[in-house]
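This is what each chain is made of:
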Amino acid sequence: MSVVSFDLDETLVTCSEPRERSFEHVRSELDASVPLPAVEAYRTAFREALEGRLPDRAADGPVRRAAFESAFEAVGASVTDSTVEAFADAYRRRRLDRLAPMDGAPGLLGDLSGKRRVLVVTNGPADLQREKLRRTTLARSVDAMAVAGRCGVQKPDPELFRVAIERAGATTSGSVHVGDSRSDVEGARAAGLDPILLDTEGRAPPEWLPDGVPVCRSLASVRRTIRDHARGGHSFSE
């Protein structure tokens with residue numbers, strides 16, 4: 001059976017609150033005197049902390065604490081280890097509390113269930129990514145999952161896709177992957193899946209996007225594109 005594989009963050013799930021607002025909320029709860037870290041500094045530090053722990057398993061707690069420690073240092077803030085830990089834990093709770101399925105995600109996965117193998121291929125710590133699926137109740141429609149923090153490799157490495165496909169007992173023939181980033185497109189192509197780029201912000205197609213890769217503005221559009229792909233029986237680029 002062929003598969004439809006999905007990225008997780010900003011493809012199937014999203015947080016309803018901007019990160020800046022989450023930072024402000026956590027600071028107001030814990031210590032109003034703590035300087036706010038910069039969002040991009042935190043995101044960069046989170047990626048680097050995850051990458052630095054691969055190919056070993058990477059749990060969310062240590063990765064997140066390391067990211068906040070680096071982000072606080074970037075703004076010249078001297079904070080205690082206990083403050084970093086409390087900030088990281090409170091931020092995780094806040095983001096999960098504000099988590100929701102992307103518009104159309106439950107219906108799309110429900111429609112695919114039983115017809116195609118539904119996979120999730122995602123970077124990030126395994127415990128965090130699995131909790132996101134559980135909280136949004138999307139886990140019930142997912143046949144298999146491959147997470148960088150558990151598998152030891154991350155997108156665009158095609159091995160992460162191959163792990164998910166093997167776990168589902170499926171093949172790449174006639175299969176597609178939906179994601180919102182360059183690593184999704186490049187990793188899927190390298191693994192033998194036809195990629196679909198999801199861009200809900202309506203930006204111009206990026207220069208790096210290969211010819212023939214469809215760009216969808218919503219999961220409703222993704223649903224139609226997957227249906228057309230199945231009917232056509234060939235890759236988008238042919």
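Refer to the structure presented above.
None of these values were measured; they are calculated from a predicted model.

Draft legend 1. Layout of the overall build of the protein. Across its full length, the protein holds 10 helices and 8 strands. For 238 residues, the compact-globule estimate of 2.2 N^0.38 gives 18 Å, and the C-alpha radius of gyration of the protein, at 19 Å, lies within 12% of that figure. Principal-axis analysis of the C-alpha atoms gives the protein an extent of 60 × 35 × 35 Å. As displayed, the protein offers around 11300 Å² of accessible surface, 43% of which is attributable to carbon and sulfur atoms. Averaged over its 34 positive side-chain charges, the protein has a centre that lies 6 Å from the centre of its 37 negative ones.

Draft legend 2. Fine view of the packing of aromatic side chains. Applying the stated criterion to the full structure yields 11 aromatic pairs. Aromatic ring contacts, followed pair by pair, group F23, Y42, F46, F68, F72, F87 and Y91 into a single cluster.

Draft legend 3. Highlighting the nonpolar core. In this structure, F6, L12, V178, V222 and I226 are the most contacted members of the largest nonpolar core, which totals 29 residues. Put simply, the parts of the chain that give this core at least two residues each are β1 (3-6), α5 (105-112), β4 (117-122), α6 (126-135), β5 (144-147), β6 (176-179), β7 (194-198) and α10 (219-232). Counting residues per element, this core draws most heavily on α5, which supplies 4 residues. Residues contacting L12, with those up to four places away along its chain left out, are F6, D7, A100, P101, M102, A105, L109, V120 and L138.

Draft legend 4. Representation of the sheet that holds β7 within the structure. The 6 strands lie next to each other as β5-β4-β1-β6-β7-β8, forming an open sheet whose pairing is parallel. Strands at the two margins of the open sheet, each flanked by one partner only, are β5 and β8 (215-216). Of the strand pairs in this sheet, β1 and β6 are connected by 3 bridges, and their pairing is parallel. Within β6, the residue paired with V4 across the bridge is V176. Contacts from α6 reach β4 and β5, with the element oriented near 145° to β5. This element, α10, spans β1, β6, β7 and β8 of the sheet and lies at about 160° to β7.

Draft legend 5. The side chain of D7, seen in detail. Along the chain, the position of D7 falls in the loop between β1 and β2 (13-15). Excluding residues that lie within four positions of it along the chain, D7 makes contacts with L12, V121, T122, K155, H177, V178, G179, D180 and D184.

Draft legend 6. Structural detail: the pairing of β5. Side-chain alternation along β5 places A144 and A146 on one buried face and M145 and V147 on a second face that is also buried. Judged from the 4 bridges that link them, β4 and β5 form a sheet pairing that is parallel. Within β5, the residue paired with T122 across the bridge is V147. Between β4 and its parallel partner β5, the chain crosses via α6, and the hand of that crossover is right-handed.

Draft legend 7. Local environment of unusual backbone geometry. Cis peptide bonds are those with omega within 30 degrees of zero, and the linkage from L54 to P55 qualifies with 10°. Positionally, P55 belongs in the loop between α2 (39-53) and α3 (60-74). With an omega of 15°, the peptide bond running from K155 to P156 counts as cis. Within the fold, P156 resides in the loop between α7 (148-151) and α8 (158-168).

Draft legend 8. Quick look at the environment of P156. Classification of P156 by relative accessible area gives partly exposed; the value is 38%. On a C-alpha basis, the gap between P156 and V185 in space is 7.9 Å, while along the polypeptide they are 29 residues apart. Among all residues touching P156, those that are not within four sequence positions of it are S183, E186 and G187.

Draft legend 9. Structural detail: the side chain of E17. With respect to the element layout, E17 can be found in the loop between β2 and α1 (19-30). In contact with E17, not counting residues within four places along its chain, are S22, R94, R95 and R98.

Here is what the cut-offs are and how they apply
Residues numbered from 1 in each chain as written. Predicted model: local features only at pLDDT ≥ 70, side-chain atom pairs only at ≥ 80, totals over all residues. Heavy atoms only, no water. Helix = DSSP H or I, 4+ residues; strand = E, 2+ residues; numbered from the N terminus. Rg over C-alpha atoms; globule rule 2.2 N^0.38 Å. Areas by Shrake-Rupley, 256 points an atom, 1.4 Å probe, with all protein chains shown as cover. Lys, Arg positive; Asp, Glu negative; His and termini not counted. Charge placed at Lys NZ, Arg CZ, Asp CG, Glu CD. Phe/Tyr/Trp six-rings, centres within 6.5 Å; stacked < 30°, edge-to-face > 60°. Core = buried A, V, L, I, M, F, W, Y, C linked by side-chain atoms within 4.5 Å. Buried < 20%, exposed > 50% of the residue type's maximum accessible area, 1.4 Å probe, protein only. Contact = heavy atoms within 4.5 Å. Pairing = 2+ DSSP bridges. Axes fitted to C-alpha atoms, helices over the stretch in contact; angles between N-to-C directions. Right-handed = clockwise from strand over helix to strand, strands pointing away.

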